[in-house]
Amino acid sequence: NIEMPLLGLGCWDMWNAEAQRAVETALEIGYRLIDTAAMYRNEAEVGAGIAASGMNRKDLFITTKVNNADQGFDSTLRAYEKSCQLLQVDYVDLLHVHWPSPEKVPLSETMAALAKAKRDGLARHIGVANFNIALIEEAQHHCPEPLVTLQAEYHPYLDQRKVLDYCRSKGMIFTAYCPLARGRLFEDPVIGAIAQAHNKTVAQIVLRWITQQGAIAPIPRSSNPQRIAQNL
């Protein structure tokens, strides 16, 4: 079983001082889930934002992901150790394989490394990102520890019902990245009319729609303090 915040801050496409400020702002406002990845090249800045916030580590839920180039047993563990150093933490709450890469490195090696990280207390939970149903099942077959989450894109323009139903059947939480369709939803006339009728922002309407489906945690990306607050 896994308990995680209902909504988090996605840190994709943020770097340097922008990333650090966004994390500090989000934590000050009340966010507790911070999502990053080695591929984002901002773990150091995210870690600096977490440290500057003064938050108690046990009150946070930090997610990171193993890059494709680092898959494999030994390389995954080395890469994860580096991620923890950059984030200035002894463990993360959720460690993902960022993308499937079975044609380059046997998936069994990478999943064995994630399982070892969990058994050794270096990651509280493990999961996968951007895997389809068949690959999730293959990953779980090779992993002696339970996979508790799938992270993938989800918003009103992308039908993920099959994957969502599968995750629910397995007791997995679906972490939804790009929940605002990379900004395309802001121009949607139907959602705009709903937002206006309820005196809410488009983002608030869409995030509410996602969270009310249950077992889905959206991680909208924003570095704008006002939008970070509105989203929460």
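Before going into details, it helps to say that this report is about the structure given with it. Since this is a predicted model, take the numbers as computed values, not measurements.

## Remarks on the overall build of the chain
- Broken down by element type, the chain carries nine helices and eight strands.
- In summary, the chain has a C-alpha radius of gyration of 17 Å against a globular reference of 17 Å for 232 residues, a match within 12%.
- Taken along its principal axes, the extent of the C-alpha atoms in the chain is 55 × 40 × 30 Å.
- With 232 residues in all, the chain has 51% of them scored as buried.
- Across the chain, contacts joining residues at least 24 apart in sequence account for 72% of those joining residues at least 6 apart.
- When the accessible surface of the chain is summed, it comes to about 11000 Å², and 49% of that surface belongs to carbon and sulfur atoms.
- Taking the 23 positively charged and 25 negatively charged side chains of the chain as two groups, their mean positions are separated by 4 Å.

## Looking at the nonpolar core
- Leu9, Val92, Leu95, Met111, Phe131, Leu150 and Phe174 are the most contacted members of the largest nonpolar core, which totals 60 residues.
- The greatest single-element share of this core, amounting to six residues, is contributed by helix H8 (residues 202–211).
- Every residue in contact with Leu95, bar those within four places of it in the chain, is listed here: Thr64, Val66, Tyr80, Leu114, Ala117, Ala123, His125, Ile126 and Gly127.
- Ile2, Phe61, Cys178 and Ile219 belong to the second-largest nonpolar core, a separate cluster that totals eleven residues.

## Structural notes on the pairing of strand S3 (residues 61–66)
- Buried residues dominate S3, accounting for six of its six residues.
- Neither face of S3 is exposed, since Phe61, Thr63 and Lys65 on one face and Ile62, Thr64 and Val66 on the opposite face are all buried.
- For strand S2 (residues 33–35) and S3, the ladder comprises three bridges, and the chain directions are parallel. Bridging from a neighbouring strand, Leu33 pairs with Phe61 of S3.
- A crossover connection joins S2 to the parallel S3 through helix H2 (residues 43–53); in handedness this β-α-β unit is right-handed.
- Sheet analysis places S3 next to strand S4 (residues 92–97), joined by four bridges and oriented parallel. Each bridged residue has a counterpart across the sheet, and for Thr63 the counterpart in S4 is Leu94.
- The parallel pair S3 and S4 is bridged by helix H3 (residues 73–87), and the resulting crossover is right-handed.

Rules behind the numbers
- Along each chain, residue indices are assigned from 1 in the same order as the chain's sequence is written.
- Two thresholds apply to this predicted model, a pLDDT of at least 70 for residue-level local features and 80 or more for giving and counting side-chain atom pairs, whereas whole-chain, interface and lining totals are computed over all residues.
- Processing note: side-chain calculations cover all non-hydrogen atoms of the structure and skip hydrogens and water entirely.
- Put simply, DSSP H or I for four residues or longer makes a helix, DSSP E for two residues or longer makes a strand, and each gets a number counted from the N terminus.
- We take the radius of gyration over the C-alpha atoms and set the globule estimate at 2.2 Å times the residue count to the 0.38 power.
- Buried means the residue's accessible area, taken with a 1.4 Å probe over protein chains only, is under 20% of the maximum for its type, while exposed means over 50%, and partly exposed covers the values in between.
- We call two residues contacting when some pair of their heavy atoms lies within 4.5 Å.
- Computed with the Shrake-Rupley method and a 1.4 Å probe, the accessible areas treat only the protein chains shown as cover for residues.
- Charge convention: Lys and Arg are scored as positive, Asp and Glu as negative, and His as well as the terminal groups of each chain are ignored.
- One atom stands in for each charge, and that atom is NZ of Lys, CZ of Arg, CG of Asp or CD of Glu.
- Among buried residues, those of type Ala, Val, Leu, Ile, Met, Phe, Trp, Tyr and Cys that are joined through side-chain atoms within 4.5 Å constitute a nonpolar core.
- Paired strands, in this sense, are two strands between which DSSP finds at least two bridges.
- Note on handedness: a clockwise path from strand one over the helix to strand two, with the strands aimed away from the viewer, defines a right-handed crossover.

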